[in-house]
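Breakdown of the fold
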Amino acid sequence: MNTLIRFSLKRKFLNKSTLVFNLLIFAVIGCIFFADKIVNFINPDTFDPLKVYLSAELYKEKDSFTSMDDLYEICEYKGEDLNRNEIKVSKTETGYEVISLYGLDAYDREKVNYLLSSYQENKYFETHDPSILLELEEIDHPEVNYKSINESDALDADRQTFAFSIVTSLYFTSLSFCTTIATEVIYEKSSKILEMILTTIKPREHFYAKLIAGWLSVILQSGLSISVLLLWLTIRQGMDKGKGLLEFARKMGIIQNEAKTITELFKNLSRNAGILPLLAMVILFLLLGILFIQLLMTVLASFVSNVEEGAAIQTPCYIVLMLTYYLSLMLNNTYYMGEGIGKYLSFVPFFSMLFMPMRLILGVVSWYEVAISFLAAVSAIFLVLDFGSPLYEEGILNVKTRKKKRESQMWEKVRDLLNMEITFKKKETKRQ
């Protein structure tokens, strides 16, 4: 059994496809940690302020424009050719004309609208009583304080973003391992290797060896991915403590935290509940879910005799996994996870691999509910082990197929005997 486990792990990790897969993970994580450098190299002016050229008429009233250096830069137009991220603003009889080299996106349009509306407000205040405009603004924009009766201790947006990114990356990394054991069993069965293996170990031991090897593969691959993550984190920490990366993430709207360094960010994230215990529980539920799927797929694979039939099983499995993931995204809010269908699905063994981590991330779950979901997931695994191992043994030994073959052979013998008897009688009749 130990030999079979080692053989399965070597065949899984000591090959070119796994090497390419891990090199791809290495490259992707590296690009994430140096995203600011890559974006700056490809497009240096991505986060430069919008350059606004005002016509001579408007530039004379430059002091009436509100200054926002981080959003736009005001200059006088002197016949320059417009480049990307540059616009020309001039007055018309009905309003304003904005000319750009290419079309403006929604964000740049908001900048222009803010620039011109602030200009018009300032001009209005120069000749009118500002209290009138302020009264109108109070009517159009009343002050509203929103309160919730069922206030939950939800994690802040940054912790949700960080933890959910971990869930997503681990989930998709583990997808390829869900059907690995099933594929190996089908290959061994179709190539007649399984018959040779079963001469040295029992079918049930083969079943357990495959499961242990499959789960170890998931753990080892997750460990490799986390090690790569920590390596790039250490490299970026040594360069500038992640200052440029955090600034880039804030500009992109990924995080709202004002932390200046990666160390400070982790301290802020783990200030209240602790991010490490949370991630440990998230990974645990993911691993239990992957093990449950591996069990079911392995039992089903034992009844498959060729690779073509195996593909027919794997495709629906991937579809169900993807649908489950998108369902968790649709229900990713406090109501559905705290009181709605997401709460109930978090106790169902298969669905708990995603829905319970989501509830943990949102902070809408108590520890006794986590314990109940954990016990349900573990119980489901033991039930599948108990009922699945005899089915697996029956499948790989082709008990039903052999029984049908023996029955077919018996009926063929009966048919041959009947044919022989009919032939014998015909010969006797001719002789008479």
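We now turn to the structure provided with this report. (Residues numbered from 1 in each chain as written. Predicted model: local features only at pLDDT ≥ 70, side-chain atom pairs only at ≥ 80, totals over all residues. Heavy atoms only, no water.)

This next bit is on the overall build of the chain. Looking only at helices and strands, one finds 19 helices and four strands in the chain. Here the analysis covers contacts within the chain between residues at least 6 apart in sequence; of these, 73% occur between residues at least 24 apart. (Helix = DSSP H or I, 4+ residues; strand = E, 2+ residues; numbered from the N terminus. Contact = heavy atoms within 4.5 Å.)

Now for the pairing of strand S4 (residues 96-100). Residues in a regular strand project their side chains so that they alternate between the two faces of the sheet. In terms of strand pairing, strand S3 (residues 86-91) meets S4 through five bridges, oriented antiparallel. Bridging across to S4, Ser90 finds its partner in Glu97. From the end of S3 to the start of S4, which pair antiparallel, there are four residues. (Pairing = 2+ DSSP bridges.)

So, about the pattern of salt bridges. Applying the stated criterion across every chain yields a total of eight salt bridges. For Lys123, the salt bridge goes to Glu61, with nearest N and O atoms at 3.2 Å. Within this pair, whereas Lys123 is found in helix H5 (residues 106-127), its partner Glu61 is found in the loop between helix H4 (56-59) and strand S2 (72-76), the two being separated by 62 residues in sequence. In this structure, Arg359 and Glu369 form a salt bridge, with 3.0 Å as the shortest nitrogen-oxygen distance. With Arg359 in helix H17 (residues 352-362) and Glu369 in helix H18 (residues 367-396), this residue pair connects regions lying ten residues apart in the sequence. Pair check on accessibility: Arg359 and Glu369 agree, each one buried. (Salt bridge = Lys/Arg side-chain N within 4 Å of Asp/Glu carboxyl O. Buried < 20%, exposed > 50% of the residue type's maximum accessible area, 1.4 Å probe, protein only.)

Along the chain, Arg250 turns up in helix H11 (residues 243-251). Given a relative accessible area of 18%, Arg250 falls into the buried group. Every residue in contact with Arg250, bar those within four places of it in the chain, is listed here: Ile255, Asn257, Glu258 and Ala259.

To continue, consider the packing of helix H3 (residues 35-42) against H11. Between H3 and H11, whose axes approach to 8 Å, the crossing angle comes to 70°. Compared by their axis directions, H3 and H11 come out roughly perpendicular. Of H11, the residues touching H3 (which contributes Ala35, Asp36 and Val39) are Gly244, Leu245 and Phe248. By residue class, the composition of the contact of H3 with H11 is four nonpolar, one polar and one charged. (Axes fitted to C-alpha atoms, helices over the stretch in contact; angles between N-to-C directions. Parallel < 35°, antiparallel > 145°, perpendicular 65-115°, else oblique. Nonpolar A, V, L, I, M, F, W, Y, C, P; charged D, E, K, R; others polar.)

Attention shifts here to the packing of helix H1 (residues 2-13) against helix H8 (residues 180-190). Close contact between H1 and H8 brings their axes to 12 Å; oriented N to C, the two are set at 105°. The angle between the axes of H1 and H8 places the two elements in the roughly perpendicular class. Only Thr180, Glu184, Tyr187 and Glu188 of H8 make contact with H1, whose side of the interface consists of Ser8, Arg11 and Lys12. Among the residues forming the contact of H1 with H8, the class breakdown is one nonpolar, two polar and four charged.

Attention now goes to the sheet that holds S4. The four strands lie next to each other as S2-S1-S3-S4, forming an open sheet whose pairing is mixed. Where the open sheet ends on each side, the last strands, each with one partner, are S2 and S4. With strand direction ignored, the average angle separating the axes of adjacent strands in the sheet is 25°. Sheet topology note: the strand S1 (residues 50-54)/S3 ladder contains four bridges and is parallel. Paired with Lys51 across the strands is Glu86, a residue of S3.

Turning to the packing of aromatic side chains, a few remarks are in order. Enumeration according to the criterion identifies ten aromatic pairs in this entry. The interplanar angle of 45° and the centroid separation of 5.7 Å between the aromatic rings of Phe207 and Tyr208 together place this pair among those described as tilted. With relative accessibility at 0%, the residue Phe207 sits in the buried group. On the basis of relative accessibility, which here comes to 31%, the residue Tyr208 falls in the partly exposed class. Geometrically, the ring pair formed by Phe351 and Phe355 is edge-to-face, given 6.3 Å between the ring centres and 65° between the ring planes. (Phe/Tyr/Trp six-rings, centres within 6.5 Å; stacked < 30°, edge-to-face > 60°.)

Let's shift gears to H11. Along H11, the residues classified as buried are Leu245, Leu246, Phe248, Ala249 and Arg250. Positive backbone phi, approximately 80°, marks Gly253, located one or two places after H11.

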